[in-house]
Amino acid sequence: MAERAPSAIGQLTLWRMREFLREPEALFWVFAFPILLALALGIAFRAKGPQIVRVAVEAGPAAEATVRALEQVGRIEAALLDPEEAAARLRTGRVALVVRPGSVPTLVFDSTRSEGQLARLVVGDALQQSAGRTDAVSLRDQTVREPGGRYIDFLIPGLLGLNIMGTGMWGVGYGIVKNRTQKLLKRFLASPMRRGEYLLSFLLARLWFLALEVAAVLLFGRLAFGVPIRGSLIALAVVAVLGALTFAGIGTLVASRTRTVEGVSGLMNLVMVPMWIFSGVFFAYSNFPEQVQLFARLLPLTALNDALRGILLDGMPLVGLMGPLALMAAWGGASFAVALRIFRWE
Amino acid sequence: MPEPAILCHQLRKRYGHVTAVDGLDLRVERGECFGMLGPNGAGKTTTIEILQGLLDPDEGSVEVLGRCWARDERDLRQRMGSQLQETKLPERLTVEEVVRLFRSFYRRGRSVEAVLAEVALLEKRRAWVSKLSGGQRQRLAVACALVSEPELLFLDEPTTGLDPQSRRQVWEIVSAFRRKGGTVLLTTHYMEEAQQLCDRVAVIDHGRVIALGSPRELIASLGAEHVVEFSLEASATMPETAYTMLPGVEAVSDDDGKVRLTVSQVHLVVPALIRMLAEHRVELHELTTHHATLEDVFLTLTGRHLRNG
């Protein structure tokens with residue numbers, strides 16, 4: 001009757017993988033969601049031709065001449081409106097600037113908005129030229145549009161980091177808490193299952209899916225938008241695996257004592273939402289004030305995103321990324337160590 | 001003589017102000033099926049979890065298969081099988097995947113097929129757990145406990161919530177395990193289950209053993225084998241002494257007009273009872289009689305019913 005035992009770590013890992021593959025919702029969030037997000041943002045922020053500047057000219061004497069002068073410049077769209085209507089359009093952002101003609105023409109615009117500032121430069125230039133100003137130096141424009149500097153190039157590594165964080169935290173944290181609420185952890189405790197193997201199986205199953213999800217996002221970026229991969233794939237793999245382990249560690253910590261699925265969802269969001277904002281996923285964290293940047297730089301997702309961008313966009317070798325890699329390892333190692341100490345098995 | 005399968009002495013466990021287990025002693029011999037019978041909240045689950053090394057007692061000692069949890073946990077876990085209350089097995093695994101997962105935790109054990117055949121789930125081997133009925137899930141839980149070919153099987157309310165047919169199927173699985181020489185410790189609040197399966201029963205109430213013996217001995221301790229239950233017309237009462245005068249009445253209890261007589265011979269008591277009531281011009285409502293059961297033992301000891309005690 002006796003039969004050679006199947007390996008416990010193998011069976012536990014297979015279980016994790018089956019559970020995931022048999023859950024269509026999870027597949028959507030891991031594979032389809034980041035690609036749809038990249039597609040939507042890539043289209044919304046795609047590089048366009050020179051921006052059209054929309055301005056209003058207040059009705060009055062010399063208004064017609066002003067409109068003609070402005071429309072000499074190809075990129076200005078000027079509308080002749082009565083003052084009230086012009087003010088209303090400025091307020092709602094449908095025009096970036098209002099010209100009030102006169103002996104000294106007045107330019108009305110919001111100086112805190114980049115559209116306003118652009119319109120001020122372009123309109124000022126047009127009015128000066130039509131009044132007879134000549135350029136002191138002649139300049140020649142040469143425009144470039146190289147992959148690597150566009151928004152989508154910035155975005156794809158950020159989404160990759162976001163996905164590694166999300167799947168790591170959810171995959172591990174949610175799974176553990178679900179087993180706890182099902183009283184499966186207690187049942188396992190009654191068996192000779194090794195606790196370390198149970199936790200290890202989550203990491204191993206994660207690594208399998210990590211390869212697939214990273215490949216899916218990168219391939220999509222490459223095919224749909226020509227996002228470059230300048231560094232080595234080995235370096236990329238090292239960073240992705242380290243990132244996955246880091247967030248699996250944090251996910252284990254978040255799940256280590258939580259008794260309910262609702263509780264763990266709240267904790268997950270508490271941990272992840274700040275990183276969505278501060279870790280340079282959708283926009284560079286250099287937009288924040290100095291002190292906030294210092295905080296942002298300590299977050300594990302910031303380190304992961306910086307490392308991914310360094311490899312994908314700047315072709316950096318791993319030696320150049322030791323700072324972010326060490327930070328990730330510290331987060332992951334510390335979280336896992338604390339999680340093991342305080343873990344609630346019943 | 002081999003050491004007992006389970007030996008515990010003066011177990012105590014408190015949760016805050018509630019004492020769940022209050023100085024409990026048990027001795028379960030090898031090869032025996034031992035039942036802990038008691039109502040919900042009697043401390044059965046706490047006790048069986050302490051015995052399985054899942055909870056630490058506040059006081060008292062536990063020895064399982066001659067060993068103790070602190071020193072020999074790994075070895076003991078290899079030698080026991082367990083089914084816990086309320087465990088939800090992974091919904092999206094198939095029946096055979098679940099059993100194989102549990103098999104993988106043990107050094108020795110049986111083939112997945114053999115265990116599934118024994119619990120009559122071979123046909124369902126490729127079905128997801130989520131598609132199983134309550135009885136099938138419970139048999140699967142027992143299969144996970146049996147896959148290591150344990151010496152000692154712990155079952156915590158193995159048939160609670162099951163229909164009679166599913167219950168019988170679980171009983172057959174337990175009986176088959178017994179026939180191969182296995183030791184079983186089970187908890188239940190079904191007296192039929194204890195009567196059907198157990199060699200000996202400990203009746204548990206408020207965290208203590210209040211009676212111990214084979215089902216037959218416990219019933220015999222009532223001093224009579226039959227129970228006559230009846231109620232009188234509304235507002236009518238009779239003094240208890242009126243009943244003890246009747247032939248062969250061993251015990252009387254009167255619970256809000258519902259009277260129970262424990263008697264040795266029904267055919268003598270019933271005519272005498274009817275005559276006596278007729279003389280007092282009291283009308284009889286609902287007369288029933290049955291063989292005494294463990295339920296009657298519990299009722300006699302505590303004055304409460306097992307199910308809603």
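These numbers come from a predicted model, not from an experiment.

Chemist: Explain the domain arrangement of chain A here, please?
Modeler: How big an interface is tends to be stated in terms of accessible area lost as the parts join. Along its sequence, chain A is carved into domain 1 (53-130) and domain 2 (147-342). Inter-centroid distance (C-alpha atoms) of domain 1 of chain A to domain 2 of chain A is 49 Å.

Chemist: Hey, could you run me through the interface of chain B and chain A in this one?
Modeler: Every contact between the two is made by 27 residues of chain B and, on the other side, 23 residues of chain A. Elements represented by at least two residues in the side of chain B that touches chain A include exactly α2 (69-79) and α3 (95-103) of chain B. Ranked by the residues each element gives to the side of chain B that touches chain A, the list is headed by α3(B), at 5 residues. Each residue belonging to the side of chain B that touches chain A can be placed in one class, and the counts come to 9 nonpolar, 7 polar and 11 charged.

Chemist: In this structure, what is going on with the domain arrangement of chain B? I would like to understand it.
Modeler: The assigned domain composition of chain B is domain 1 (6-219) and domain 2 (223-291). Of note, the centres of domain 1 of chain B and domain 2 of chain B, computed from C-alpha atoms alone, are 40 Å apart.

Chemist: What is the right way to read the sheet that holds strand β4 (residues 106-109) of chain A from this model?
Modeler: By definition, the strands of a sheet pair up through backbone hydrogen bonds, in either a parallel or an antiparallel sense. Residues and elements named next belong to chain A. Reading across from one edge, β2-β1-β3-β4 is the order of the 4 strands in this open sheet, with mixed pairing throughout. Two strands in the sheet have a free side with no partner beyond their single neighbour: β2 (76-81) and β4. Here the strands of the sheet are splayed against their neighbours by 25° on average, with no regard to which way each runs. Pairing geometry for strand β1 (residues 53-58) and β2, over 6 bridges, is parallel. Bridge pairing links valine 55 to alanine 78 in β2. Those strands touched by helix α3 (residues 63-71) are β1, β2 and β3 (97-100), and its axis lies near 165° from that of β2. Across the sheet, helix α4 (residues 83-91) is in contact with β1, β2, β3 and β4; its angle to β1 comes to roughly 155°.

Chemist: Looking at this model, I keep getting lost on the nonpolar core. Mind explaining?
Modeler: Buried together is how nonpolar side chains tend to be arranged in soluble globular proteins. One finds Val98(B), Val99(B), Ala143(B), Cys144(B), Val184(B), Leu185(B) and Leu294(B) to be the most contacted residues of the largest nonpolar core, which totals 92 residues. With 7 residues, helix α5 (residues 134-146) of chain B is the single largest residue contributor to this core. Residues in contact with Val184(B), not counting those within four places in the same chain, are Cys33(B), Phe34(B), Leu153(B), Leu155(B), Val174(B), Phe177(B) and Arg178(B). Formed by 63 residues, the second largest nonpolar core is a distinct cluster that contains Ile156(A), Phe202(A), Phe209(A) and Ala296(A).

Chemist: When you look at the sheet that holds strand β4 (residues 59-64) of chain B in this model, what are you seeing that I'm missing?
Modeler: All names here are of chain B. Taken in spatial order, the 3 strands make up an open sheet running β2-β1-β4, and their pairing is antiparallel. Each edge of the open sheet carries a strand with a single partner, namely β2 (18-28) and β4. Adjacent strand axes in the sheet meet at a mean angle of 20°, parallel and antiparallel pairs treated alike. When strand β1 (residues 6-15) meets β4, the two strands line up antiparallel, connected through 5 bridges. Its bridge partner lying in β4, isoleucine 6 is registered against valine 64. Across the sheet, helix α1 (residues 44-51) lies against β1, β2 and β4, angled at about 125° from β1, the strand it touches most.

Chemist: Sorry, what's going on with α3(A) here?
Modeler: Since one α-helical turn is 3.6 residues long, residues separated by three or four positions face the same way. All names here are of chain A. Buried within α3 we find Thr66, Ala69 and Leu70. Along the axis of α3, the buried residues cluster in a sector spanning 95°; they form a single face. Facing away from the buried surface of α3 by more than 90 degrees, the exposed residues are Ala65, Arg68 and Glu71. Where α3 is buried, its residues touch β1, β2, β3 and α5 (114-130).

Parameters at a glance
Residues numbered from 1 in each chain as written. Chains lettered and ligands numbered in written order. Predicted model: local features only at pLDDT ≥ 70, side-chain atom pairs only at ≥ 80, totals over all residues. Domains from an automatic or database assignment. Contact = placed C-beta atoms within 7 Å. Helix = DSSP H or I, 4+ residues; strand = E, 2+ residues; numbered from the N terminus. Nonpolar A, V, L, I, M, F, W, Y, C, P; charged D, E, K, R; others polar. Pairing = 2+ DSSP bridges. Axes fitted to C-alpha atoms, helices over the stretch in contact; angles between N-to-C directions. Core = buried A, V, L, I, M, F, W, Y, C linked by C-beta atoms within 7 Å. Buried ≥ 20, exposed ≤ 12 C-beta atoms within 10 Å, placed from the backbone. Arc of directions from axis to C-beta.

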